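One letter stands for each residue in the lines below.
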Amino acid sequence: MIKILDSTLREGEQTCGVYFAPENKLKIAQFLDGIGVDIIEAGNPAVDREIALAVTRIANAGLKAKIGAHALCRIEDVQIALDCGVSFLGVFFSVSHKRLQWDYNICLDRAIDKIVEVITYAREQNNSLLIRYTPEDTVRSPIKNVIEAATAAVRAGANIISIADTTGYTTPFQPNRSIYYFVKVIREELAKRELYPQIEVHCHNDRGLALANALDAYRAGANIIDVSVMGLGERAGIVDLAELLINLGDNVEEEKYWELGYLKDLYNLVSECSHIPISPHHPIVGKNAFTHYAGVHVAAIAKDEEIYQSLNPEIFGIKSSMALGIQSGLTAVELALKQIGRSEVAENKGIVAKILQEIKEITKRGSPIDIEKELPEIVDRYNIIAVLK
Ligand code: HCA
Ligand code: CU
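So, here's what we can say about the structure.

Cut-offs and rules
- Residues numbered from 1 in each chain as written.
- Chains lettered and ligands numbered in written order.
- Predicted model: local features only at pLDDT ≥ 70, side-chain atom pairs only at ≥ 80, totals over all residues.
- Heavy atoms only, no water.
- Core = buried A, V, L, I, M, F, W, Y, C linked by side-chain atoms within 4.5 Å.
- Buried < 20%, exposed > 50% of the residue type's maximum accessible area, 1.4 Å probe, protein only.
- Helix = DSSP H or I, 4+ residues; strand = E, 2+ residues; numbered from the N terminus.
- Contact = heavy atoms within 4.5 Å.
- Donors = N, O, S within 2.8 Å, 3.2 Å for Na, K, Ca; no water.
- Salt bridge = Lys/Arg side-chain N within 4 Å of Asp/Glu carboxyl O.

**Concerning the nonpolar core**
Tyr-133 and Leu-241 are the most contacted members of the largest nonpolar core, which totals 95 residues. Broken down by element, the residue count for this core peaks at eight residues, all from helix 6 (residues 143-156). Those residues in contact with Leu-241 that sit more than four places away from it in its chain are Ile-4, Asp-6, Leu-32, Ile-35, Val-37, Val-227, Ser-228, Val-229, Leu-263, Leu-266 and Tyr-267. Counting 21 residues, the second largest nonpolar core, distinct from the first, contains Val-298, Ala-332, Ile-371 and Tyr-382.

Here you go:
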């Protein structure tokens, strides 16, 4: 059974400019828990005292999900994380050539010593802790380094190895550069050493492929997939929670384990707290996601919504709707008139045609007619004209 790790509160808060106040973090965590996310990565407590307090609060909130902290590969940082009472710890340390040589300035063996020292320490502090080791930038690191570091990490007590596509480099189109390949190879190499950690994937969206790569990893048998609400994260962000859940649910009937009805409210909350609007055409939660517009579409869905919908909006607690504008046809106007309780006007073909013309003119302004507010005013104008004639 696939597990979901949501990192809205850690990776998501690394979206530049985003700040979640501790009370909002708790609300977001409660929603994520309600949806049925398995692990909530709540922050890196060593970054700021307030983050440590928020992680502690969430860890003590009695949620079903495991609550995780992110930490640099340093004993002091790990201790700060463990002091928050988390049940999951993610430690990251890159073994790419560039990072070893130009950033950390150490050789691979020394890097592995550090990783082993820190993981051993964390394991000694808490035997039931879930420990993840991430060789950051996994997919642009020599595979040999990754295998060596992962092997040592698992032997020291790590339960999970995460394959981080830190820069959104992988693609399903190139076999040796696909996350599918990395999941398979890392799993096989560790199995040869009789090591069977869970495999996690963390896919960034720099090439717009985060979701495609996450599904590619799922196909390869990954156990845990990282996501965030609205795909928030550094640069172009990571995999979007709603988009991943709906695709997994579609494929493998796993949907029943998730309370998808909470998605919309969660997205609205995160959008409000982050001051980042949800794009209108965002799948599922965007305001147009189940709104039908062009004349042919509206006429068809009036008969059967499935003609232009392959997802049932009710699963998400959403109702489909229609918009009125320059693309509309007579059926849309008739339906909208019925919606506002003016069926008698809907029966008058002449007035309906005139109202449609006026709607087309008005919406050249670049936004659809507000059916509840504007349509009654338009109707009243035409009714008066009809009476005067
Ligand atoms: C970061 C980088 C990271 C780490 C992922 C992990 C990445 O922001 O620290 O620790 O599993 O993309 O590699 O998010
Ligand atoms: Cu990341």
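**Observations regarding the environment of Tyr-257**
The residue Tyr-257 is located in the loop between helix 9 (241-252) and helix 10 (263-274) in this model. Sequence separation between Tyr-257 and Val-37 is 220 residues; the distance between their C-alpha atoms is 9.3 Å. Not counting chain neighbours up to four residues away, the residues in contact with Tyr-257 comprise Met-1 and Ile-35.

**Brief notes about the coordination of the copper ion (ligand 2)**
For the copper ion (ligand 2), the full set of protein donor atoms is Glu-11 (OE), His-202 (NE2) and His-204 (NE2), at a range of 2.1 Å. Donor residues binding the copper ion (ligand 2) come from one chain and are separated in sequence as E-x190-H-x1-H. With Glu-11 in the loop between strand 1 (3-6) and helix 1 (22-35) and His-204 in the loop between strand 7 (198-203) and helix 8 (210-219), this pair connects stretches of sequence that are 193 residues apart. The buried category is assigned to Glu-11, whose relative accessible area is 2%. Judged by relative accessible area, His-204 falls into the buried class, the value being 4%.

**Focus: the pattern of salt bridges**
All told, the structure shown has 23 salt bridges when counted by the stated rule. For Glu-11, the salt bridge identified is with Arg-10, shortest N-O distance 3.6 Å. For the pair shown, Glu-11 and Arg-10 are each scored as buried. Salt-bridge contacts for Glu-41 lead to Arg-132; the nearest nitrogen and oxygen are separated by 2.5 Å. In this pair, Glu-41 sits in strand 2 (residues 39-41) while Arg-132 sits in strand 5 (residues 130-134), placing the two residues 91 residues apart along the sequence.

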